[in-house]
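Chain by chain, the residues:
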Amino acid sequence: MANYAVGDIQGCFKELKEGLELINFKSSKDFLWITGDLINRGPESLKVLEYVFKIRNSVHIVLGNHDLHYLNCFFNNKNLSDEDTFQPQMFQKKYLRMAKFLLQQPFVFSKKILTKKKVIQVAMVHAGIPKNMSLKKAETLSKLCGLELKNNPKKNLKKIFEDKRNFHSIDSFSGLINFFTRVRVINKNGLPNFSFKGRKKNIPPNLITWFKEENKIMNDIDLLVFGHWAALQGKTDISNIIALDTGCCWGKDLTFLRLEDQKKFVVKSKQK
Ligand SMILES: [Mn+2]
């Protein structure tokens, strides 16, 4: 039995299947950790969603911004943008159970796993974790946000995208979800700046990556995996905070990480 984390799949179904073959993934005994953004931008979101749903008892998922965008379009009949690549069938009534399945997924997930030598605590988030947040606090807040979403998907999904007043407050429902699912850089007060999306070397002087300075959550865990920021090219320069989005839908790679020994397995993208 092994645990494999995979970075942002974003509808790249062929690469996902190739990677699962490469690691010899067996849904009867292994677990696949998915860092969020399962769908959108790539060509086969529907197939990815159906496949992940099929093996749902063997996956751990955290929600990403594209997953939330899909849910917002689904529950609020929002119009798609020109860049969205969802299949039209994904909005039919019969996909309600898959949309509901996605809606149940957390923003922060953690589990203890057994390596050759010891038990380690591993956590996963799509984009990042606020600085002064213990694992317990992050998971509790993730659960509370999830409950609000499930209680009123229409109203609260809309809030995540439209409550712009609170986007930069990690004390609010929409601000915290935006942090968990969209952060890349923060200011000196630990608050997110959502406009910068580039490479690490181009970060403006008043901003830093969310993981650069000490993060409280790292006192509680041995390893943190995240996705979302393809321009990092898998590099954080911190050995136990691992970036797994390597831009598969942009023609780069899909990266898998075996959590037990942190060995990486890489599949070349078939996208242009
Ligand atoms: Mn993302």
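Residues numbered from 1 in each chain as written. Predicted model: local features only at pLDDT ≥ 70, side-chain atom pairs only at ≥ 80, totals over all residues.

A. Quick look at the overall build of the chain. Helices and strands together make up the secondary structure of the chain, namely seven helices and 12 strands. Taking 272 residues into account, the globule formula puts the C-alpha radius of gyration at 19 Å, and the chain, at 17 Å, falls close to it. With the principal axes as the frame, the chain shows a C-alpha extent of 45 × 45 × 35 Å. Taken across its 272 residues, the chain has 43% of its residues classed as buried. A separation of at least 24 residues holds for 68% of the contacts in the chain among residues at least 6 apart in sequence. (Helix = DSSP H or I, 4+ residues; strand = E, 2+ residues; numbered from the N terminus. Rg over C-alpha atoms; globule rule 2.2 N^0.38 Å. Buried ≥ 20, exposed ≤ 12 C-beta atoms within 10 Å, placed from the backbone. Contact = placed C-beta atoms within 7 Å.)

B. Structural detail: helix H2 (residues 45–54). Taken residue by residue, H2 has Ser45, Val48, Leu49 and Val52 as its buried positions. Seen along its axis, H2 keeps its buried residues to an arc of 95°; they face one direction. The inward-facing, buried residues of H2 abut helix H1 (13–22), strand S2 (31–34), strand S3 (59–61) and helix H4 (96–103). (Arc of directions from axis to C-beta.)

C. Up close: the packing of helix H3 (residues 65–76) against helix H6 (residues 153–162). H6 packs onto H3 with a crossing angle of 135° between their chain directions and a minimal axis gap of 9 Å. Taken together, H3 and H6 sit at an angle that is classed as oblique. Once H3 is placed against H6, the crossing between them reads as left-handed. Contacts between H3 and H6 involve Leu68, Leu71, Asn72, Phe75 and Asn76 on the former and, on the latter, Pro153, Lys154, Leu157, Lys158, Ile160 and Phe161. Partitioning the contact of H3 with H6 into residue classes produces seven nonpolar, two polar and two charged. (Axes fitted to C-alpha atoms, helices over the stretch in contact; angles between N-to-C directions. Parallel < 35°, antiparallel > 145°, perpendicular 65-115°, else oblique. Left-handed = near helix turned anticlockwise from the far one by under 90°. Nonpolar A, V, L, I, M, F, W, Y, C, P; charged D, E, K, R; others polar.)

D. Here's a closer look at the nonpolar core. Residues Val125 and Val225 are the most contacted members of the largest nonpolar core, which totals 74 residues. For this core, the element with the most residues is H3, which contributes six residues. With residues near it in sequence (within four places) discarded, Val125 still touches Val62, Phe107, Val108, Phe180 and Phe226. (Core = buried A, V, L, I, M, F, W, Y, C linked by C-beta atoms within 7 Å.)

E. Structural detail: the packing of helix H5 (residues 135–151) against H6. Where H5 contacts H6, the axes come no closer than 5 Å and their chain directions differ by 125°. Put simply, H5 runs oblique to H6. Contact with H5, carried on its side by Glu148, Leu149 and Lys150, involves Pro153, Asn156 and Leu157 of H6 and no other residues of that element. For the contact of H5 with H6, the class distribution of residues is three nonpolar, one polar and two charged.

F. View of the pairing of strand S9 (residues 223–226). Side chains Leu223 and Val225 of S9 all project onto a buried face; the interleaved residues Leu224 and Phe226 project onto the opposite face, where all are buried too. Summarising the sheet, strand S5 (residues 119–125) and S9 pair through four bridges and their orientation is parallel. Paired with Ala123 across the bridge in S9 is Leu224. Judged from the three bridges that link them, S9 and strand S10 (residues 241–243) form a sheet pairing that is parallel. By the bridge assignment for S10, Phe226 is matched with Ala243. (Pairing = 2+ DSSP bridges.)

G. Fine view of the sheet that holds strand S8 (residues 208–209). If you walk across this open sheet you meet the three strands as S7-S6-S8, and the pairing is antiparallel. Bordering the open sheet on either side are strand S7 (192–193) and S8, each of which pairs with just one other strand. Note: strand S6 (residues 185–186) against S7, two bridges, orientation antiparallel. From the neighbouring strand, Val185 faces S7, where its bridge partner is Asn193.

H. Main features of the sheet that holds S5. If you trace the four strands from one edge of the open sheet to the other, you get S4-S5-S9-S10, paired in mixed fashion. Looking at strand neighbours, the two that pair on one side only are strand S4 (108–114) and S10, the edges of this open sheet. Across the sheet, the axes of successive neighbouring strands diverge by a mean angle of 20°, strand direction being ignored. Sheet strands in contact with H5 are S4 and S5, and its direction is about 130° off that of S4.

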